[in-house]
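Next come the chains, spelled out residue by residue.
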Amino acid sequence: MSKRSNTGSSSASTQALEADYLSTSLTNSELLRRLKVVTGVLEAYGDDDDAVNQAKRDIHNIAEAVGSDWLIDHKNKDVRLLAACALTDVLRIYAPDPPYDEDTNAQIIRLFLRILRGFESPDMIPDNNLSFSIHFHILERLSVISIFSIINELSKHRDQLLIELARTAYDIAGSMASHTSTHKVTDHLSSILCCVIEEIESYNMDIFDLVVGALCASEKKENPGGFSMMKAVIASCENNFQPFVERRIHQVKAGLHLESELSNDERLAQAVFELSSIAPRVLTQILPAYAEDLVVDDQSVRIKAVKLLGAVFSVGNFYRDYAIVFAEFKRRSLDKEPEVRRAMVGVLGVLLQNRPELSKPLLEDMFVFQGDQRDAPLYSLVVDGDERVRKDAVECVLQLALNCPESVSSSFLRHVGERTLDRRLPVRQAAIEGLCKLYQKFCSPFDRKNLTQSVVDKYTWIPNRVITLTSSADAELKSFIVNCLEEVCLNVSSEGSDRSPANVALDLFSWLDEKGRAQMGAIIKSKAKYQESFLKFAKLRDSSSKRDIMDDVGDAEESQLVDKLSQFFPDKSRAGDLHRKLLETKGPKIWEGLVGLIDKPRGFKETEQALEDIQRRLGPKSPIMDFVRQVVWKISDRFFGYEFVSLVLQHLIRGNDVSNVAEGLPVLVTLASICPNIFASLHKELKKVLQACKDRQDILQEILHVAMLACDVLTPLKTDTEFFNQLANQCGGDNSSAAKFACRVLIKIAGADSKASKSVLKNALGSLELSSKSPVVLSVLSEFAKSSSSTLSGSDQSNILSFARSLFKSGGTTAGKKDKKLVLNTRIYALKMITSLILGHDSHHDKKDDSKLREMLSELHEIVENNGRVGGESLPDPERAQLRLVAGSCILKVAKTLNLKHLVAARHFASVARLCEDNDLSVRKEIVKKIWKGSGIQHGKLPFHYAAMLALGAHESDSAQLDLFKTVLRNILAVMKKLRSSSGKVLLSLSPERILPWIIYLLSHHPHYVDEEEEESQVSIAFKKYLELFFNTVTQSGTDEKIFPMLWQILEHIRGCSVAEEANVIDEPKIVSRNLRIACEVGKRLVTKFGGQKKWDSEVLKEHLMRIIDHQLFIPLPGGAPAQSFDLGLSPAGSKIGSSVLSTPTHKLGTSEHKNPAFSSPSAQKKLFNDSLALSEIKDSESKKGRTRKSDDSGAVSSVEAKKQLFASPRPVASKRNSQKLPATEEAVDTSAASSPSHSDKPPVESAKDSTRGRSRKQATDSPQASSRNASVPTTPASESGRANRKLLSSPELSQRSSRSSPRDSTVHAEQVMSKQTQQTKRKGSKPSSSPPEQNEQKVVPKTKATNPKAASKATTPNSKGASSQSTGLDVFDLDYDEVSKDREPKRPKSNGTSSSNTKASMASAKLSSAKSASPASTKSPAAQIAASPASSTGRTQGRASAGKVSESAKPAAPPKGRASASHEQGPSKALAKLNDNLGKRGRALPRRGASPAVEEEEEEEVQNKVAAKAAPAAKAKRRRL
């Protein structure tokens, strides 16, 4: 049988070698049978040389048959498949030279490709599939034999066949079904393709687009298999294909092959990125080209380059190999376009995620940009100027720190933490949330003891940073912070930790500093406010069912409560809607459960059970299910609630980690103050802690403090004798603070009359001796004294008082070395003991005891007044500061006591206020906190007018402390506003106006401004800053602007008052009066500035003045406000200008709204004119009898001229054409009398008469400065007038403010300045008269109002040449405070009376300019000199016409004695005169070198006389018209 079989196969093989074995006449089945035989025959030939040679001789016919066209293109796929199998062996045998021509070889290659596409069929899987086996066999033979290598020999078909091969392989890799042999198929295809591509020496663009284009993002998404295969092909073709790809990419990037599919920049960039990981050498030329794109003008191109290079640098070592490109890449963090910088942020984030080793050059190392050292890219992006860039950078770094913590250092993390203070809310929120996530991941799940030191240093500062932000955050940010703390920082459930929330909260609290713990306490208190509001909300729900549907009041209350509750949630609007839905929820059990969580606090597990019960009652489909859960954890704090308190107490009882647990005790104190119900069921634990921690005084003190706050709910302890014994032992211990709290608890629980309390009191009274326990004894006695004065007998009180006084003086020390701390504490408790004796009379106050109480209060006052000194003992500054602070705080305690606050007088108030400007910063801080506690937190327990002390912080040098002053004052005003709105009544006690009189009182007695020689301008500038702080705060606090008229009336009223005798703390009534008037003047101007257009004179407001102004401060003067002039910084130092214009709001000058009734009607004007005539006649008659003062060198204005000047209308300013011929002026300005009737209660004539009483010449020359000045420089009226003009014209403020002041104000202010200056300089420069001071007073008549508005408007028109130098209203309220002093208390320089180089320069620079603006009369006429001086004219300012007013009856007078006439003095040289003339046109002149002051004044006088002579005709014409 086997013989037959072998014989049969041999005969078949022989037949297969025949020429006609395969023919077209065969059927498909026969053809398939024969092809199988042929395939077997061909496979039988081996690969050795003999077998191959034998095969070549045998298979010639077979090779020709299987390579025929009809068989290659046969319609039957199975025939083609077997033919392909036969062809693989034929080509194997004939390799490397196929037996076919080029066209046949091309057909055979296409047949193979056609066969290989069979892998695309979804049925082509290896499981029992014969077709798959044949296909895989063919693929394997093609790969192993490298049959496709013949493509390189086919010159006519090479390019096309290569494209078809690559396309076939790419398609098969993408569409082939996934199975166990998939990777084998793709590996063979990749091998075939690599072999063919690498052997070809030249390529066309199509193969480049196909192979490299397969790396683009879209192809990667559509055909991931083909993408991977092409990456493998390119990576393997290093010799020929990669250099080709490198050249073509560079050409495409340069725009040389626009037909390429990769000419699209985005596709090319994607391909380049993929090439960077598989063929780095390809990018040798392309990366520098992309570096050039980083600096092109098109921002989109720069963004693409940034993204590509960032991706490239994330692989390999490109950042090292291409250092120049990497440097330019980093510089894009400083790009001018924000969008480029934002792209840089995203790229750097990805780059650092993939390459953590790059964190140092990108986060920390500085680099050079344009020759300057710049911060690392991400370091600068975190603080970028664009809000969006900063936000993206913060999120990028924090996400990087979350995923790759080793990439971000601790210092850089703190740098990012600074963004929690960013000026933009989105940036702050991003920083806060990201930091909280870091703490949640690396700290919250682990016990504090198990954290490594590196983790502690890197992350534990985060809670403190976040929590302290709430001190300055608005409601929205505060709600966001609280939500981040609860849902992120303290929420460990998402991290899979089983730690209890209380443990996590305790660890978090232990990382906080003092400020952070204070703010955490504020957050806990805010939750108590939510509980309080929710209880009202629950009651509102009960009453809503009974409420009338038209009840608008109930609806308003509901809306108000909903708004208040919604503030505690991040999304207020959504929270408001959910609260309303909750209000509509029916089900008493639900509300009982919610309210029960507040009334009876419980642990975490019990709260969870209550929540589940409430949610079950709501139903699974309730829309407020999640919201109710939030509400439950708001009203029952899972972190700092009952569970937290229980945890701390249990740890203290057991002694577990006591030091760390003790850090949570401040939370217990806070909870006891706001929610004592928590401790109702924990009384046993408190008692055990007292026993367990009796040796830890710090813990004992806090626990006793908690017990003192929660004693109302510790009912079971009221009969516990053992507990009383524990308290009694602490009262006799060594810790004064613990003794204080223990005594308080004992008095509150057992009562002051209980046996235990009396025993403690008896022991304390028996220990009244100097010892180391004196502070403890005084602490206990203070508590009994404060509880009630009846507790201590009169003899006991006397003994205690004597003991306290002796302790304070001696410090409680005996012979031996002094313990400084003990001495200080003893003195402090002695002061507190005295205060307690005062406070003990609150409940049983008897007016008979007031004198004794005032005596004790005076002792406290004396300590503050003496700057903390004790007798003659020399104490260190810190100790004296501490004593001052304690004494001031004790006075504030008395002021907060209802029945004793009348004991605190104004002088006590002034002493305590002085502590706000204390030299010790800690004193200033503490006193501000105590004011805030009494007036703000305790809602006016300390009267609100004590907020006036905060205005004294205006000159604070410490910026943080200055902010504290402003913040506390603003918050107190907000509290007052809130109380006013809630009361629904007009309560003057809650009005901010009540604060202002106390500020004025403090300023009038300010110890820094009690020097009689103090420059009034410096005083006014300092006062302005104090008052400005108050008015600014009033404006910022949202107070109604209607209060400004009242403030103005208050200041006007106080101006007409004097300080009450009992309120005077300075024995200088003149100085106090001066300061009082200056403060009022400055305040009125500030009120005008802040209040805008208001009606200042209101009779309705005046009715409330006496109710607002405290009677113990000010007493109205019989004659109203005195007509006293002050220099409010509106003129050079040393001059005294009137206050009439300053007393009037600036915008009211020259308007009908601010009319003086004396001048408001023709009849009134006529009456005033007659009165002034009568006054003039009296003066004339007195002068004839020799009782009037002799005419001095400056002359006097005649009564006739005074009558004419009384109602003279203002003279228009000269125009450009007649600016050289300036007419004379007719106005006479009264620089001291007030222009408003409210300034004085006297009739107009009497006010004018009083206003003429200035200082006599003797008074003006009595001062050393005046004497030295008069002795050094002889003066003349003209020269003194010129000097005054020079002072005014050289004032820098005058020219700087010219563009801001109104023309009318400019004229009036400058007239006053020049007029008053000239009067004073003449008095100082002339000889003292022998007549009495009353006769030496100069007679000035009040100025009238302009009756012609048009004339007034013309008078204020600036001329062209004098516009820059024309006088304006020089306003103290525009001055720069940097010119005063940079110290907290500005130094006030004193004039030394000597001339400086600046004075000489200003004298010389004003020669011709003053001549143009203030023209005197002829040289020889004293009357002309009088008219030329600003004292007798309206004092036209620089750039305005001012000509002397020459009296027709005036006779020429000789020059002053001792001085030659100006006409006999040799004038300046022609050259100097010409130069001065040129300089005069520019507003300055040069002095003659070597000339004495007298000669300079003579020269100036001559120039002035020449100009006045030119202006005389115009003045005469004006007088004719009048």
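Since we're looking at a predicted model, the values are computed, not measured.

Rules behind the numbers
- Residues numbered from 1 in each chain as written.
- Predicted model: local features only at pLDDT ≥ 70, side-chain atom pairs only at ≥ 80, totals over all residues.
- Heavy atoms only, no water.
- Helix = DSSP H or I, 4+ residues; strand = E, 2+ residues; numbered from the N terminus.
- Buried < 20%, exposed > 50% of the residue type's maximum accessible area, 1.4 Å probe, protein only.
- Contact = heavy atoms within 4.5 Å.
- Patch = residues over 30% accessible without salt bridge, like charges linked within 9 Å, V, L, I, M, F, W, Y side chains within 5 Å.
- Areas by Shrake-Rupley, 256 points an atom, 1.4 Å probe, with all protein chains shown as cover.
- Salt bridge = Lys/Arg side-chain N within 4 Å of Asp/Glu carboxyl O.
- Lys, Arg positive; Asp, Glu negative; His and termini not counted.
- Charge placed at Lys NZ, Arg CZ, Asp CG, Glu CD.
- pLDDT = per-residue confidence, 0-100.
- Core = buried A, V, L, I, M, F, W, Y, C linked by side-chain atoms within 4.5 Å.
- Phe/Tyr/Trp six-rings, centres within 6.5 Å; stacked < 30°, edge-to-face > 60°.
- Lys NZ or Arg CZ within 6 Å of the ring centre and 35° of its normal.
- Expected span 1.5 Å × (residues − 1).
- Axes fitted to C-alpha atoms, helices over the stretch in contact; angles between N-to-C directions.
- Parallel < 35°, antiparallel > 145°, perpendicular 65-115°, else oblique.
- Nonpolar A, V, L, I, M, F, W, Y, C, P; charged D, E, K, R; others polar.
- Arc of directions from axis to C-beta.
- Polar contact = N/O pair within 3.5 Å; in protein donor to acceptor, adjacent residues only side chain to side chain.
- Left-handed = near helix turned anticlockwise from the far one by under 90°.

The next point concerns the overall build of the protein. A count of helices and strands for the protein gives 72 helices and four strands. The proportion of buried residues among the 1522 residues of the protein is 55%. Across the protein, contacts joining residues at least 24 apart in sequence account for 76% of those joining residues at least 6 apart.

Our focus in this paragraph is a positive patch on the surface. A contiguous patch of positive charge, built from Lys478, Lys525, Lys529, Lys536, Lys539, Lys564 and Lys978, is present on the exposed surface. It is helix α30 (residues 514-544) that provides the largest number of residues to the positive patch, a total of four residues. Mapped onto the elements of the fold, Lys539 is located in helix α30.

Attention now moves to the confidence of the model for the protein. Summarising the model, the protein shows a mean pLDDT of 74, and 70% of its residues fall at 70 or more. Below a pLDDT of 50 lies the segment residues 1-8, which in the model reaches zero contacts outside its immediate sequence neighbourhood of four places, other chains included. The low-confidence segment residues 1184-1495, where pLDDT is below 50, has 576 contacts with residues more than four positions distant or belonging to other chains.

This paragraph deals with the nonpolar core. Among the nonpolar cores identified, the biggest contains 371 residues, and Phe148, Phe329 and Tyr1001 are the most heavily contacted of them. Take this core: its biggest share by element is twelve residues, from helix α6 (residues 77-94). Here Phe329 is in contact with Leu294, Val306, Leu309, Gly310, Phe313, Met344, Val347, Leu348 and Leu351, once residues within four sequence places are set aside. With 31 residues, the next largest nonpolar core counts Phe534, Leu540, Phe568 and Leu583 among its residues.

This part covers the environment of Arg247. When you line up the elements, Arg247 lands in helix α14 (residues 241-253). Among the residues examined, Arg247 registers a relative accessible area of 46% and is labelled partly exposed. Residues Arg247 and Val282 lie 35 residues apart in sequence; the distance between their C-alpha atoms is 8.2 Å.

It is worth spelling out the packing of aromatic side chains at this point. Within this structure, the stated rule accounts for 30 aromatic pairs. Where Tyr530 meets Phe568, the ring centres are 5.3 Å apart and the plane angle is 75°; that geometry is what we call edge-to-face. Of this pair, Tyr530 sits in helix α30 while Phe568 sits in the loop between α31 (552-566) and α32 (572-584); the two residues are 38 residues apart in sequence, bridging distant segments of the chain. Side by side, Tyr530 and Phe568 carry an identical accessibility label, which is buried. Cluster of aromatic residues (ring-pair linked, three or more members): Tyr530, Phe534, Phe537, Phe568, Phe569, Trp591 and Phe627. The residue whose ring lies beneath Arg638 is Trp633, and the NZ or CZ to ring-centre distance is 5.2 Å. The cationic tip of Lys832 hangs over the ring face of Tyr829; the distance from NZ or CZ to the ring centre is 5.1 Å.

Scanning the entire structure with this criterion turns up 60 salt bridges. With a shortest N-O distance of 3.0 Å, Arg388 and Glu339 are connected by a salt bridge. You can see Arg388 sitting in helix α23 (residues 387-403) and its partner Glu339 sitting in helix α20 (residues 338-354), a full 49 residues away along the chain. Of the residues examined, Arg388 reaches a relative accessible area of 38% and is grouped as partly exposed. The salt bridge partner of Lys687 is Glu722, with a shortest N-O separation of 3.3 Å. A residue pair is termed long-range when its members are at least 10 positions apart, and Lys687 in helix α39 (residues 683-692) and Glu722 in helix α41 (residues 721-731) qualify at 35 residues. Residue class for Lys687 comes out buried when judged on its relative accessible area of 18%.

Take helix α42 (residues 736-750) next. Its 15 residues give α42 an end-to-end C-alpha distance of 20 Å, which sits within 8% of 21 Å, the value for a rise of 1.5 Å per residue. Taking burial as the measure, the 15 residues of α42 include eleven buried ones, the bulk of the element. By the burial criterion, the buried members of α42 are Ser736, Ser737, Ala738, Ala739, Phe741, Ala742, Cys743, Val745, Leu746, Ile747 and Ile749. Summarising the contacts, the buried residues of α42 are in contact with α40 (697-709), α41, α43 (755-765), α44 (774-787) and α46 (820-839). The first or second residue beyond α42 is Gly751, which carries a positive phi of 100°.

So, on to the packing of helix α11 (residues 205-213) against α14. Between α11 and α14, whose axes approach to 11 Å, the crossing angle comes to 95°. In terms of their interaxial angle, α11 and α14 are classed as roughly perpendicular. Between α11, through Met205, Phe208, Val211 and Val212, and α14, the contact on the second element is made entirely by Phe241, Phe244, Val245, Arg248, Ile249 and Val252. Of the residues in the contact of α11 with α14, the class split is nine nonpolar, no polar and one charged.

Quick look at α41 now. All of the buried residues along α41 are Phe723, Phe724, Gln726, Leu727, Gln730 and Cys731. The buried residues of α41 occupy one face: seen down the axis, they fall within an arc of 155°. Looking at α41, the residues exposed on the side facing more than 90 degrees away from the buried face are Thr721 and Asn729. Check the buried side of α41 and you find it contacts α39, α40, α42, α43 and α44. Its side-chain oxygen at 3.1 Å from the backbone nitrogen of Glu722, Asp720 defines the N-terminal cap of α41.

On to unusual backbone geometry, then. A cis geometry characterises the amide bond from Ala95 onward to Pro96, with omega recorded as 5°. If you trace the backbone, Pro96 turns up in the loop between α6 and α7 (102-116). In the Ramachandran plot, Asn867 falls in the positive-phi region, its phi being about 60° despite a non-glycine side chain. Counting through the fold element by element, Asn867 comes out in the loop between α47 (850-865) and α48 (877-896). In this structure, His939 is a non-glycine residue whose phi angle is positive, near 55°.

Inspection of the secondary structure assignment puts Leu1047 in helix α54 (residues 1043-1055). Of the residues examined, Leu1047 reaches a relative accessible area of 0% and is grouped as buried. Linking Leu1047 and Pro992, residues 55 residues apart in sequence, is a C-alpha distance of 9.2 Å. If near-sequence neighbours (up to four positions away) are discounted, Leu1047 is found in contact with Glu993, Leu996, Phe1031 and Val1087.

Right, let's talk about the side chain of Asp720 for a bit. Mapped onto the elements, Asp720 comes out in the loop between α40 and α41. Within polar-contact distance, the side chain of Asp720 engages the side chain of Lys687 at 2.7 Å. At 3.2 Å, the side chain of Asp720 forms a polar contact with the backbone nitrogen of Phe723.

In this section: the environment of Leu485. Among the secondary structure elements, Leu485 is positioned in helix α28 (residues 475-489). Residues Leu485 and Leu508, 23 residues apart in the sequence, show an inter-C-alpha distance of 9.9 Å.

Moving on: the packing of helix α15 (residues 265-278) against helix α17 (residues 299-313). Packing of α15 against α17 leaves a shortest axis separation of 9 Å and a crossing angle of 15°. Taken together, the axis directions place α15 and α17 in an arrangement best described as roughly parallel. Both α15 and α17 take part in a crossing whose hand is right-handed. When α15 is examined against α17, the residues Asp265, Ala269, Val272, Phe273 and Ser276 are found in contact with a partner set consisting of Lys304, Leu308, Ala311 and Val312.

Moving on: the side chain of His74. For His74, the position within the fold is in the loop between α5 (69-72) and α6. Every residue in contact with His74, bar those within four places of it in the chain, is listed here: Asn28, Leu31, Val79 and Arg80.

Another aspect to go through is a negative patch on the surface. On the surface, a cluster of negative charge is made up of Glu1012, Glu1013, Asp1067 and Glu1068. Its location among the elements puts Glu1068 in the loop between β3 (1057-1059) and α55 (1069-1091).

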